[in-house]
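Analysis of the macromolecular model
This is what each chain is made of:
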Amino acid sequence: MKITSKLVVQMALMIPLLVAMMLNTQVTPADEMEDESVFTPSYLSYDDIYRDFTTKKMCKRCHPAIWREWERSMHAKAWEDPIYQEAASKVPDRDKTCDPCHAPEPILITGIGQMPKLRETDRKYGVSCIVCHIDAHGAMHGPHESTNPMYHANVTSEAHAKPTELCATCHGQPSVPEHNQVDSFRDSPAAEKGLNCASCHMPAVKRQLSIHTYDTVMVRRHTWAGSRSVSKLKSAVNLKVVRTEGKAIVRLTNKAGHLLPGEALRAMILEVKITDSSGAVNRDEQVLISASSSKPETGRLLPGETRDFVYSLSETEKIEVRLRYRLTPTTPETEWVTMAEGSQ
Ligand code: HEC
Ligand code: HEC
Ligand code: HEC
Ligand code: HEC
Ligand code: HEC
């Protein structure tokens, strides 16, 4: 099965190769390829692929499903994102302290875990396909043992199969705590269970690796849903209201893989309303939970943490609770997302 499908891939891809050879482009004939031990020889150079990416969006041609997902993700918008541009415009040395992660050079070249370098060209593509996949030879690193497509070589990479360290290159720099989800993840219940960043942010799906592939295999969607996804936000927390003698306990449990909210700009607002049997409001308050809080009881929730908020409540009173999510301090209340609700 495998061999047949790989042959089909090879045959389909031989045609453009032969055409390219006839047109005398920079295709290297097989007998000139050396040093197979280091990487599978690439038929196009790093510069060719880099140029094709920006001028022809080449990846889209053969990996259209992944392209469509990426295009809608915040990675594709990491540079043009107006919230980013506004924040960065206030930073005098932004080209050194901000821009390098929002429009980076390929990280397999600058090094996984190293602070990325700012790209000189095509910043509008943000965190693009090549930022995560291309190496200095023009080969693509991925988790599978792929057929070589003749366009680019493939290198099987453990760093992509379990990508927490790959993600940490931008989501776990110790000098940038506002954007650090990785450190809190390391001792989380999710990490203990053997999950990684992709388990929750790149859902598994069975499909072809490329349009030239016959078999369908388990791959991962390139969606990276996060704080803009209502279902993701709802899955982040468990809210329970427990009534005991003379009081109500509002219990929040963080089910995300890291600090909640995941980023320093965000906030959760716990709205609590206590009414008596006639409907009169005895208490109505909003508790802000965010990184900017100076008190631990209203700071961000650690992964797996359960936190209680206790209210006195008489037998005739009723409590209604709503947990809402605010993207930035200027997001109007009408756009806050309801993460969870409860009453007693
Ligand atoms: C932020 C980093 C990142 C970006 C950006 C990115 N990828 Fe990936 N890609 C990954 C990771 C991690 C995996 C491995 C997922 C897994 O374990 O299956 C992967 C897997 C793949 C695979 C193998 C199939 C699979 O899902 O396992 C292909 C093909 C691929 N990516 C192509 C692309 C293309 C094309 C783009 C741009 C449209 C892109 N990637 C953008 C990180 C990235
Ligand atoms: C001419 C078609 C073609 C183009 C263009 C193309 N790819 Fe691929 N790519 C393939 C094929 C074919 C495979 C192997 C599929 C298989 O083994 O079934 C592949 C595999 C991959 C893999 C998986 C590697 C692995 O082993 O897990 C990654 C990652 C990848 N491509 C990224 C990219 C990126 C990024 C671009 C754009 C710069 C791109 N590809 C452009 C055809 C193409
Ligand atoms: C090269 C740097 C870089 C790498 C590597 C990277 N990211 Fe990102 N990621 C970013 C940037 C920058 C943004 C923010 C874009 C914005 O909002 O302006 C982002 C946004 C996100 C978001 C969306 C947040 C939201 O609220 O919508 C998620 C989720 C995410 N990344 C997960 C991952 C995962 C998982 C990995 C590893 C597979 C990864 N990222 C690898 C730079 C990176
Ligand atoms: C180490 C890499 C890195 C550096 C340096 C960096 N960022 Fe980011 N930035 C990210 C990542 C990753 C995200 C997405 C995850 C998050 O929001 O925590 C992000 C998200 C953001 C967001 C949220 C955007 C949105 O729409 O949700 C803002 C605003 C932002 N960055 C501003 C800045 C500013 C301003 C600087 C410089 C002072 C900066 N960043 C430096 C990696 C970085
Ligand atoms: C158990 C599932 C799970 C795991 C594992 C996980 N996350 Fe998340 N992540 C979530 C949920 C749920 C949210 C939505 C809540 C939020 O935005 O804080 C989220 C949100 C995010 C956001 C958006 C934060 C914001 O405020 O915009 C980023 C970025 C992110 N995760 C990156 C990562 C990275 C990097 C890893 C690996 C260290 C990771 N996540 C591991 C579940 C997970």
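Note that the structure is a prediction, hence the values are computed from the model and not measured.

Re the confidence of the model for the chain
Looking at the chain, pLDDT values average 89 and 87% of them are 70 or higher. Throughout residues 1–40 the model reports pLDDT below 50, and contacts reaching past four residues in sequence, or to other chains, amount to 39 contacts.

Let's talk about the sheet that holds strand E5 (residues 237–244)
Here three strands make up an open sheet; going across it, the order is E5-E6-E9 and the pairing antiparallel. Lying at the two open borders of the sheet, with one neighbouring strand each, are E5 and strand E9 (306–312). The mean inter-strand angle of the sheet, taken between neighbouring strand axes irrespective of direction, is 20°. Across seven bridges, strand E6 (residues 247–254) lies against E9 in antiparallel orientation. Residue pairing for E9: Ala-248 is matched across the bridge by Tyr-311.

Brief notes about the pairing of strand E8 (residues 281–290)
Among the 10 residues of E8, one are classified as buried, and the element is accordingly described as predominantly exposed. The pairing of strand E7 (residues 267–275) with E8 spans nine bridges and is antiparallel. Considered in E8, the bridge of Met-268 is made with Ile-289. Counted along the chain from E7 to the antiparallel partner E8, the turn is five residues long, and its residue Gly-279 has a positive phi close to 95°.

Some remarks on the site of ligand 3
Taken together, 26 residues lie around ligand 3, and Asp-81, Cys-167, Cys-170, Gly-226 and Ser-227 are the ones closest in. Mapped onto the shell around ligand 3, the elements with two or more residues apiece are helix H7 (99–102), helix H9 (129–133), helix H11 (164–171) and helix H14 (197–201). Per-element accounting of the shell around ligand 3 gives the leading share, five residues, to H11. Within the shell around ligand 3, the residues separate by chemical class into 17 nonpolar, seven polar and two charged.

Examining H11
One full turn of an α-helix is made of 3.6 residues, so residues set three or four places apart face in the same direction. The buried count for H11 comes to seven of eight residues, which makes it a mostly enclosed element. Residues of H11 that are buried include every one of Thr-164, Leu-166, Cys-167, Ala-168, Thr-169, Cys-170 and His-171, and no others. Elements in contact with the buried residues of H11: H7, helix H8 (107–110), H9, helix H10 (158–161), helix H12 (182–186) and H14.

Section: the nonpolar core
Within the largest apolar cluster, 30 residues are counted, with the highest numbers of intra-cluster contacts made by Cys-129, Val-131, Cys-132, Ile-134 and Cys-167. Those elements that provide at least two residues to this core are helix H3 (58–62), helix H4 (64–72), H8, H9, H11, H12 and H14. Each residue touching Ile-134, except ones within four places of it in the same chain, is listed here: Tyr-46, Ile-49, Pro-106, Leu-108 and Met-140.

Regarding the sheet that holds strand E10 (residues 318–326)
Taken in spatial order, the four strands line up as E8-E7-E10-E11 in an open sheet, and their pairing is antiparallel. Here the strands that pair on one side only, and so sit at the sheet edges, are E8 and strand E11 (337–343). Between one strand axis and the next, the sheet turns through 15° on average, direction left out of account. When E7 meets E10, the two strands line up antiparallel, connected through nine bridges. Residue Ile-274 lies in a different strand from E10, and its bridge partner there is Ile-319.

The rules behind these values
Residues numbered from 1 in each chain as written. Chains lettered and ligands numbered in written order. Predicted model: local features only at pLDDT ≥ 70, side-chain atom pairs only at ≥ 80, totals over all residues. pLDDT = per-residue confidence, 0-100. Contact = placed C-beta atoms within 7 Å. Pairing = 2+ DSSP bridges. Helix = DSSP H or I, 4+ residues; strand = E, 2+ residues; numbered from the N terminus. Axes fitted to C-alpha atoms, helices over the stretch in contact; angles between N-to-C directions. Buried ≥ 20, exposed ≤ 12 C-beta atoms within 10 Å, placed from the backbone. Near = placed C-beta within 6 Å. Nonpolar A, V, L, I, M, F, W, Y, C, P; charged D, E, K, R; others polar. Core = buried A, V, L, I, M, F, W, Y, C linked by C-beta atoms within 7 Å.

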